[in-house]
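Summary of structural features
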Amino acid sequence: MAIDWQPSASIETLRERARLMAKVRAFFAQRDVLEVETPVLGQGGSTDVHLVSLSTLARTDKGQRKLWLQTSPEFHMKRLLAAGSGPIFQLAKSFRDGEVGGRHNIEFTMLEWYRPQFTLDKLINETATLVMSLLPSFPGPVVHYRYRELFHTHLEVDPFNTSLEKLRLIAAERAQMSAQSLAGEGRDTCLDLLMSMVIEPQLGQHELSVVVDYPTSQAALAQRHQDAEGEWVASRFELYLNGIELANGYQELTDAAEQRKRFTDDNAERRRLGLPEVSIDERLLAALEHGMPAGAGVALGIDRLIQLALGKARLEDVLAFSTPRC
């Protein structure tokens, strides 16, 4: 049987990728943001129930230990912030099991950066500026949307107050699934399904779409605030282009006790769903207890952005070797 040894992307595409990566580094150098490198292995992984972390058993000087391949460089970078690094960025290899397809690869490159003292609005502007710098032919404006308004516009439901039973029925109908298949699912699963199936394909058409004011249950490592209606929402944004999510940013949570509670709640939900628990990153919590400066941070899927910049059909077309060929 012939072995498929050739790269996923053409050599010319890889040259273009290198050119775009150089532009990213120049963008941050001009703004005096320090490039850092952090480990792809950590003592803790992501407890997010929507992510599947990969782990390995490693032999260390303290015996065999379970280590986690990082789903993003976030935890290590926040430890650097707490140590006084100032603004930092990284082009980091990240890993998420089971994510294979036209827009996904199990191993991928994440561009992540943190700006102490930045507001979320200021970070949104910087993220849009970076994206536009890599897409110079894209003339579209930057348009802001509130999460709740998108659900009203596209589905005529309120994501915060519509009953879970009704959300399950609508989600099943739109996803062409049986209602029974969603019988045990929670509100966030239904909202995520509706977001991905109905709303996301409409975003970023002839514009950069910025979505804000997500439900607090989707805050992850973000702070929370009250919106104009007095509803508590996540201090978070996502950026879309051509129906593709490119970036996810937070006004960063700095409260160690609150972060521990969220990790613990995530693992409780994992147990309820029959998913394996993920080790909590105690070193991150210790860094937060020491004191991480207030500010904002964002993770951007640089492979997806390069895919859009070069007009490629699939993510593998801009990777040297996609997961099936590694």
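Shown above is the structure to which this text applies.
Predicted model, so just to flag it, every value in this text is computed and none were measured.

1. Structural notes on the side chain of glutamate 238
As for its placement among the helices and strands, glutamate 238 is situated in strand β10 (residues 232–241). Side chain to side chain, glutamate 238 and tyrosine 214 meet in a polar contact 3.4 Å long. A polar contact is formed between the side chain of glutamate 238 and the side chain of arginine 236, at a distance of 2.3 Å. Excluding residues within four positions of it along the chain, glutamate 238 makes contact with Ser209, Val210, Val211, Tyr214, Glu245, Ala247 and Asn248.

2. Some words on the pairing of strand β3 (residues 54–60)
Sheet topology note: the β3/strand β4 (residues 63–69) ladder contains seven bridges and is antiparallel. When the bridges of β4 are listed, serine 55 appears paired with tryptophan 68. The antiparallel hairpin formed by β3 and β4 contains two residues in its connecting segment.

3. Quick look at the nonpolar core
Phe151, Leu155, Leu194, Met195, Ile199 and Val211 are the most contacted members of the largest nonpolar core, which has 41 residues in total. Elements supplying a minimum of two residues to this core: α2 (74–82), α4 (147–155), α5 (164–174), α6 (187–199), β8 (208–215), β10, α7 (256–273) and α8 (282–290). The element contributing the most residues to this core is α6, with seven residues. Ignoring anything within four residues of it in the chain, the contact list for leucine 155 reads Leu150, Ile170, Arg174, Leu194, Val198 and Ile199. One finds Phe28, Leu120, Phe138 and Leu305 within the second-largest nonpolar core, a separate group that totals 37 residues.

Cut-offs used in this document
Residues numbered from 1 in each chain as written. Predicted model: local features only at pLDDT ≥ 70, side-chain atom pairs only at ≥ 80, totals over all residues. Heavy atoms only, no water. Helix = DSSP H or I, 4+ residues; strand = E, 2+ residues; numbered from the N terminus. Polar contact = N/O pair within 3.5 Å; in protein donor to acceptor, adjacent residues only side chain to side chain. Contact = heavy atoms within 4.5 Å. Pairing = 2+ DSSP bridges. Core = buried A, V, L, I, M, F, W, Y, C linked by side-chain atoms within 4.5 Å. Buried < 20%, exposed > 50% of the residue type's maximum accessible area, 1.4 Å probe, protein only.

These values are about where atoms sit, not about what they do.
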